[in-house]
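Observations on chain architecture
What follows is the residue order along each chain.
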Amino acid sequence: MACSRAFMLLCMVVVSMVALLLGGAKATITCSQVVNELTPCIPYLERGGTPASGCCSGIKTLYSTAHTTADLQGVCNCLKEKFSSIHYSSNNVRFAAGLPAKCGVKIPYKISPSINCKSIK
């Protein structure tokens, strides 16, 4: 259960990061790719500390791969769909909010559980 909570928070991090990219119309990133890239981040989201190198490389890969609005919204919708029923703590939210900086990625969005996927362009 904690693992799933952490992954939901991770999705908010990635969605916020990929929302920075401009886009067209056709999604090229699959939900399976999103899950595979973000799985190494779960321990960090559960306990904090230092994210694994695989976590940061996964975030950077998604950040550099999502080029279209459809990709950005697809990543968001994938993660929201998979983890919409998961409960999380304020610590998990705090860890998720700090993950981009820990991985050297700057985003101009506040990481929030209430992110609206349709607003990502």
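The structure contained in this document is the topic of the report that follows. (Residues numbered from 1 in each chain as written. Predicted model: local features only at pLDDT ≥ 70, side-chain atom pairs only at ≥ 80, totals over all residues. Heavy atoms only, no water.)

**What to know about the nonpolar core**
Grouped together as the largest cluster of nonpolar side chains are 23 residues, with contacts concentrated most on V34, I59 and L99. With five residues, the single largest contributor to this core is helix α5 (residues 69–83). (Core = buried A, V, L, I, M, F, W, Y, C linked by side-chain atoms within 4.5 Å. Buried < 20%, exposed > 50% of the residue type's maximum accessible area, 1.4 Å probe, protein only. Helix = DSSP H or I, 4+ residues; strand = E, 2+ residues; numbered from the N terminus.)

**Description of the environment of N91**
Here N91 is to be found in helix α6 (residues 90–102). Along the chain, N91 and L45 lie 46 residues apart, while their C-alpha atoms are 8.4 Å from each other.

**Considerations on the side chain of D71**
Within the element layout of this structure, D71 appears in helix α5. Its relative accessible area of 1% is what places D71 among the buried residues. A polar atom in the side chain of D71 sits 3.3 Å from the backbone nitrogen of I29. (Polar contact = N/O pair within 3.5 Å; in protein donor to acceptor, adjacent residues only side chain to side chain.)

**Some details on the environment of A70**
Tracing the backbone through its elements, the reader meets A70 in helix α5. For the pair A70 and I29, spaced 41 residues apart in sequence, the C-alpha separation works out to 8.9 Å.

**Digging into the packing of aromatic side chains**
Each aromatic ring pair is characterised by the separation of its centres together with the angle its planes make. Counted according to the given criterion, the structure contains one aromatic pair. Judged by centre distance (5.9 Å) and plane angle (55 degrees), the rings of Y44 and F95 are tilted. Residue Y44 is located in helix α3 (residues 42–47), and its partner F95 is located in helix α6; the two are separated by 51 residues in the primary sequence. Judged by its relative accessible area of 4%, Y44 falls in the buried class. In this structure F95 comes out as buried when scored by relative accessible area, which is 13%. (Phe/Tyr/Trp six-rings, centres within 6.5 Å; stacked < 30°, edge-to-face > 60°.)

**A short note on the state of the cysteines**
Counting across every chain of the model gives two disulfides. There is a disulfide in this structure between C41 and C55, and the S-S distance comes to 2.0 Å. An S-S torsion of about 100 degrees defines the bridge between C41 and C55 as right-handed. In this pair, C41 is assigned in the loop between α2 (31–38) and α3 and C55 in helix α4 (residues 53–65), connecting sequence segments 14 residues apart. (Disulfide = S-S within 2.5 Å.)

**Regarding the environment of Q33**
As for its position among the elements, Q33 is in helix α2. Residue Q33 is classed as partly exposed on the basis of its relative accessible area of 37%. Each C-alpha atom of the pair Q33 and L62 lies 8.7 Å from the other, and the pair is 29 residues apart in sequence. Here T30 takes part through its backbone nitrogen, which lies 2.6 Å from a polar atom of the side chain of Q33.

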